[in-house]
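# Examination of the molecular architecture
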Amino acid sequence: MKLVLLLFFAAAAVYACTLLLLVLRARERRLLAAAARAAYSDAPDGIGISVLCSGVTSPAQLENLLSSEYSRYEVVAVLDSRRQVAEFGALAARYRMIRVEWVSTGELEVTGVRALGRSRKRCFRRLVLVDRVFDGAAGDLDAAAAVATYDYLLPVGAGQYLLPGAVERLVAELGSEPPGTLDLVRSHLGEPAVLLSREALVAAGGFGMRPLRGIPRSRRRILWEPLLARPGSGWRVPRRWLLLLAALLAAAFGLSAAAGWWTAAAASVTAALVWTAAACASQAGSGRLRHFIPLRRIFRYY
Amino acid sequence: MTERLLIVYTALAALATAVLFAALCVAKLRARRRSGRDAVLRSKYLRILMLYLLSGEGPVPRFPLIRRAGARRLLAETVAGLTGVTCGLDVAPLRRVVAEYGLDRWLLGCIRRTSGCRRARGLMLLARLPLDGAVAARAARYARSRNRRVRFQVLMVQLSADPSMALRLMAEYPAPFSACEVGEILILLRRGMLPIAYGPLVESPCRNLRVVGLSIVRQFGIEEAERHLLRIVDGDEAPELGREALYTLCALRRPLTRRHVGRRLTAMSPAERKALMRYMAAEGYSPGLLRRLFDARERTYCESLVQSYKRSLA
Amino acid sequence: MHRILIVSEEEFLCDVIRLSLADMRADVRCASGLAAMERLSRRMLFDLVIVVGTSLFFSGRDVVRMLRPPGLRRPLVYVVAWQQAEQSVLSLLECGVDQYLTFPVSLQRLRAKVANELSRQL
């Protein structure tokens, strides 16, 4: 029993330290890409990203998604004009959307599309509005992918905000490899983000067909840094509670070590190690925006 | 035995926790310093530098607290930041500042002590300082680094130290440039550090030079290069070069004919052809031209794309 | 005395532009974002606003209307950004932006443009 517990503690500690190392390495890459600014002035190799939104009605979120400075970039929002009458009307009026022709391209099976809208104003032409009967997020995302212009697709749900520089970071990752060699770039930190090549999605048959499964490992990249976040969703533990918890852990470790209960000591020190590693990862992973990303999400997906 | 292993594990884990906790405290203190003292100091250094640049001559100014920890890096970052976002600056005063405070030598020392992307970042900072050939020669020792980013930043250091050798340095670079690397070279070019003559680049047999040439044509919208581009599209060059030239022609919105681009289109995969169709539809090419360029099987896709940009009258 | 407002999220870029206009006999203010810009422009009428970056314009806010009181052609709006793409530049001009300069920017050229524009307004 003791041996099993020891192996469990060791595995947890190694896992936490490995993740911390990955986050630290990713931080260096992110800083290098941000300093190079190669993706800021021009679209390297014509790389384009279409953000696909299902259920996004908040004006603040749309503003956040549209505010990327990258040139080959668009946001395709799918809404049901009969279920979300007020939101749809407000969006169409604000961005001066006009109805354009919609004919299915036949790449993906898309049903329920009532209309397609593009903005009359040039500066908002990066917004495409699809009016569709809602029958699930996968159907919405397929409809958005069918009208998307660019080769890489980033699905975004309600309440998920792009962190500053996230689009440029994705472009830098795609642009550092020969064209067409990556089909998937994903990040598990913060809110999970998946950037998928259109080709891979079409080959899988749509978002409902688990498109990530068929992508070979050599065509995948994992970024150990947050790209999307949900502001205000993190609970903030008062500092004195954290101090109390730390003191309790330290006391538990000291007492159990003094009494010779080494299993309890190992458990408390493992908990302390994982907690410290998570705090370090949070500090390195989100930099000055560390309060924007709730700490609990760091380990949520492991 | 298990008890002994537990003791060893507990001791190691406690040590690791202590180290991590200390590192976290240092990082937090550093972040606090950065938002406090460093922000004020950076602002002061920039002000002194700008005043010195405006006056143009005189003795090198004194920078307050330059001997304090991190201050020299701040000064190097300020000089590099200034040269990175401006063009046409008089580099002589900046060169004097770099020489007086030994920023280049100091950065080389930092670069020696780091590795990976951190080393590449140091080299990037170095490339933005006004440099002499000796510093570039000392940075050349990292040209055989295993890290691709480090190797490329060494090239950037060499390019900014001696722009007259740009063509030879780019041609001799052993790996093909990635799209982002070309983007970085173009930023250097827009700072006025490299010549914009696209002709020799586009006509060169070297792949790297051609890619840089094509990017110059696209970024500066040089329509006179159409002849060169059509030759690349129609020729037997590597698929990626032909594809890049075709996209450049589309970005310039030049008229395309089946005679010139037909061969290249046939060599492209169906997915690549569809991507090109989407690009052309977004650039505003007419449905008539798209119909002439693509096969009957792809016409439906093409037409539905173009339709999606037309106002619905129903 | 002329009034110039610089809007930039990056303090460094704001400082570079502010210092390059230092000897121009103008009251130069800085705003770190949209909210600060709105607050300052409500308090005083600027002759020129220099916005660093394009994100404010693409997000859906009518920045120029926010800055200019109805019926006035002041303040002039300059944008300095990294974008090279023709579509982005045309979009900004359509939004009512008067001048567009790209990074890396020539500080002498920026200064000369600002000085010309302000002397024309006298």
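Now for a quick tour of the structure. Owing to the predicted nature of the structure, the values given are computational and were not obtained by experimental measurement.

### Section: the overall build of chain C
A count of helical and extended segments in chain C gives six helices and five strands. Moving toward the C terminus, one meets the helices and strands of chain C in the order β-α-β-α-β-α-α-β-α-β-α. Computed over its C-alpha atoms, the radius of gyration of chain C comes to 13 Å, within 12% of the 14 Å expected for a compact globule of 122 residues. For chain C, the C-alpha atoms occupy an extent of roughly 35 × 35 × 25 Å along the three principal directions. Taking all 122 residues of chain C together, the buried fraction comes to 57%. Counted over contacts in chain C with a minimum sequence separation of 6, partners at least 24 positions apart contribute 65%. If you sum the accessible surface of chain C, you get close to 5,400 Å²; carbon and sulfur atoms cover 47% of it. In chain C, 16 positive and 13 negative side-chain charges are present, and the distance between their average locations comes to 7 Å.

### Some words on the packing of aromatic side chains
Per the stated rule, a full pass over the model turns up eight aromatic pairs over all chains. Their ring planes at 55 degrees and their centres at 6.1 Å tell us that A:F8 and A:F9 sit as a pair that is tilted. By relative accessible area, A:F8 is classed as exposed at 55%. Residue A:F9 is classed as buried on the basis of its relative accessible area, which comes to 8%. The lysine or arginine in question, A:R118, covers the ring of B:Y309, its NZ or CZ lying 3.9 Å from the ring centre.

### Notes on the sheet that holds strand β10 (residues 220-222) of chain A
All names here are of chain A. Strand order across the open sheet formed by nine strands is β3-β4-β5-β2-β1-β6-β9-β8-β10, with mixed pairing between neighbours. Since the sheet does not close on itself, it has two edges, and those belong to β3 (97-100) and β10, each with one partner. Direction aside, the axes of adjacent strands within the sheet are offset by 25 degrees on average. Two elements, strand β1 (residues 49-54) and strand β6 (residues 152-156), share five bridges in a ladder whose sense is parallel. Its bridge partner lying in β6, V51 is registered against L154.

### Focus on the sheet that holds strand β4 (residues 76-81) of chain C
Residue and element names in this part refer to chain C. Here we have five strands laid out as an open sheet, ordered β2-β1-β3-β4-β5, and parallel in their pairing. With one partner strand each, in any of the chains shown, β2 (26-31) and β5 (99-102) form the two edges of the open sheet. With direction set aside, neighbouring strand axes in the sheet form an average angle of 20 degrees. Bridging between strand β1 (residues 2-7) and strand β3 (residues 48-52) involves four bridges; their strand directions are parallel. Within the sheet, the bridge partner assigned to L5 lies in β3 and is V49.

### Concerning the interface of chain B and chain C
Contacts between the two partners involve 20 residues from chain B, matched on the other side by 17 residues from chain C. Summed over the three residues of chain B that lose the most area to chain C, namely B:M50, B:V85 and B:R190, the buried surface amounts to 33% of that side. Across the contact surface, chain B and chain C share one salt bridge. Taking the shortest distance from any N to any O, the salt bridge between C:E86 and B:R253 comes out at 3.0 Å. For the interface between chain B and chain C, the tally reads five residue pairs in polar contact (both at pLDDT 80 or more). The set of elements that each furnish at least two residues to the side of chain B that touches chain C consists of α1 (2-55), α2 (71-85) and α9 (179-190) of chain B. Examining the composition of the side of chain B that touches chain C, we find that six residues originate from one element, α1(B), more than from any other. Of the residues assigned to the side of chain B that touches chain C, the class counts are eight nonpolar, seven polar and five charged.

### Points about the interface of chain B and chain A
On the chain A side, the residues contacting the 53 residues of chain B number 60 residues. Carbon and sulfur atoms make up 62% of the area that chain B and chain A hide from each other, which totals about 4,900 Å². A salt bridge links A:K2 to B:E3, with the nearest nitrogen and oxygen atoms 2.8 Å apart. Our count for the chain B to chain A interface comes out at 16 residue pairs in polar contact (both at pLDDT 80 or more). Mapped by element, the contributors of at least two residues to the side of chain B that touches chain A are α1, α5 (116-127), α7 (148-161), α9, α11 (207-220), α13 (239-251), α15 (270-283) and α17 (296-307) of chain B. The leading source of residues in the side of chain B that touches chain A is α1(B), at 18 residues. Here the residues of the side of chain B that touches chain A sort into 26 nonpolar, 10 polar and 17 charged.

### Regarding the nonpolar core
A general tendency of soluble globular proteins is for nonpolar side chains to be buried together. Counting residues in hydrophobic clusters, the biggest one holds 130 residues, and the most contacted among them are B:L126, B:M280 and C:V114. Among all residues touching B:M280, those that are not within four sequence positions of it are B:C250, B:L256, B:Y285, B:L289, B:L290, B:L293 and B:F294. In this structure, A:L129, A:L162, C:L34 and C:C95 belong to the second largest nonpolar core, which totals 61 residues.

### Some remarks on the environment of B:L305
Structurally, B:L305 can be placed in helix α17. Take B:L305: its relative accessible area is 9%, and that puts it in the buried class. In this structure, the C-alpha to C-alpha distance between B:L305 and B:T86, residues 219 residues apart in sequence, is 41 Å. The contact partners of B:L305, leaving out residues within four places of it in the chain, are A:T105, B:M277, B:R278 and B:A281.

### A few points about the packing of α5(B) against α7(B)
All names here are of chain B. For the pair α5 and α7, the least separation of the axes is 8 Å and the interaxial angle reads 10 degrees. Considered as vectors, α5 and α7 are oriented roughly parallel to each other. Two secondary-structure elements touch here, α5 through G116, C117, R119, A120, L123, M124, L126 and A127 and α7 through R149, V150, Q153, V154, M156, V157 and S160. Taken together, the residues that form the contact of α5 with α7 break down as 10 nonpolar, three polar and two charged.

### Digging into unusual backbone geometry
Going from C:F103 to C:P104, the amide bond is cis rather than trans, its omega being -5 degrees. Within the secondary structure, C:P104 sits in the loop between β5 and α6 (107-121). At B:R253, a position not held by glycine, the phi torsion is positive, near 55 degrees. Relative to the helices and strands, B:R253 resides in the loop between α13 and α14 (258-267). The exposure class assigned to B:R253 is partly exposed, which follows from its relative accessible area of 32%. Positive phi is not limited to glycine here, since C:R25 has a value of about 50 degrees. For C:R25, the position within the fold is in the loop between α1 (11-20) and β2.

### Focus: α15(B)
Across its 14 residues, α15(B) extends 20 Å between first and last C-alpha, which sits within 8% of the 20 Å expected from 1.5 Å per residue. Residues of α15(B) that are buried include every one of B:R273, B:A275, B:L276, B:M277, B:R278, B:Y279, B:M280 and B:A281, and no others. On its buried side, α15(B) packs onto α7 (198-204) of chain A together with α13, α14, α16 (287-293) and α17 of chain B. B:G284 sits one or two residues past α15(B) and shows a positive phi near 90 degrees.

### Some details on empty space enclosed by the protein
Evaluation of the coordinates by the stated rule reveals three cavities of 30 Å³ or more. In this structure, the largest cavity occupies an estimated 130 Å³ of space. Taken together, A:A36, B:G84, B:M124, B:A127, B:R128, B:Q153, B:M156, B:S160, B:E184, B:I187, B:L188 and B:R191 make up the lining of the largest cavity. For the lining of the largest cavity, the elements supplying multiple residues, two or more each, are α5, α7 and α9 of chain B. Tallied by class, residues from the lining of the largest cavity come to six nonpolar, three polar and three charged. Taken as a whole, the second largest cavity holds about 70 Å³ of empty space.

Calculation criteria
Residues numbered from 1 in each chain as written. Chains lettered and ligands numbered in written order. Predicted model: local features only at pLDDT ≥ 70, side-chain atom pairs only at ≥ 80, totals over all residues. Heavy atoms only, no water. Helix = DSSP H or I, 4+ residues; strand = E, 2+ residues; numbered from the N terminus. Rg over C-alpha atoms; globule rule 2.2 N^0.38 Å. Buried < 20%, exposed > 50% of the residue type's maximum accessible area, 1.4 Å probe, protein only. Contact = heavy atoms within 4.5 Å. Areas by Shrake-Rupley, 256 points an atom, 1.4 Å probe, with all protein chains shown as cover. Lys, Arg positive; Asp, Glu negative; His and termini not counted. Charge placed at Lys NZ, Arg CZ, Asp CG, Glu CD. Phe/Tyr/Trp six-rings, centres within 6.5 Å; stacked < 30°, edge-to-face > 60°. Lys NZ or Arg CZ within 6 Å of the ring centre and 35° of its normal. Pairing = 2+ DSSP bridges. Axes fitted to C-alpha atoms, helices over the stretch in contact; angles between N-to-C directions. Buried area = accessible area lost by both parts, 1.4 Å probe. Salt bridge = Lys/Arg side-chain N within 4 Å of Asp/Glu carboxyl O. Polar contact = N/O pair within 3.5 Å; in protein donor to acceptor, adjacent residues only side chain to side chain. Nonpolar A, V, L, I, M, F, W, Y, C, P; charged D, E, K, R; others polar. Core = buried A, V, L, I, M, F, W, Y, C linked by side-chain atoms within 4.5 Å. Parallel < 35°, antiparallel > 145°, perpendicular 65-115°, else oblique. Expected span 1.5 Å × (residues − 1). 1 Å grid on protein atoms, 1.4 Å probe; cavity = no way out; pocket = protein on both sides within 12 Å on 5 of 7 lines; lining within 4 Å. Points joined across faces, edges and corners; volume = space filled by probe spheres on them.

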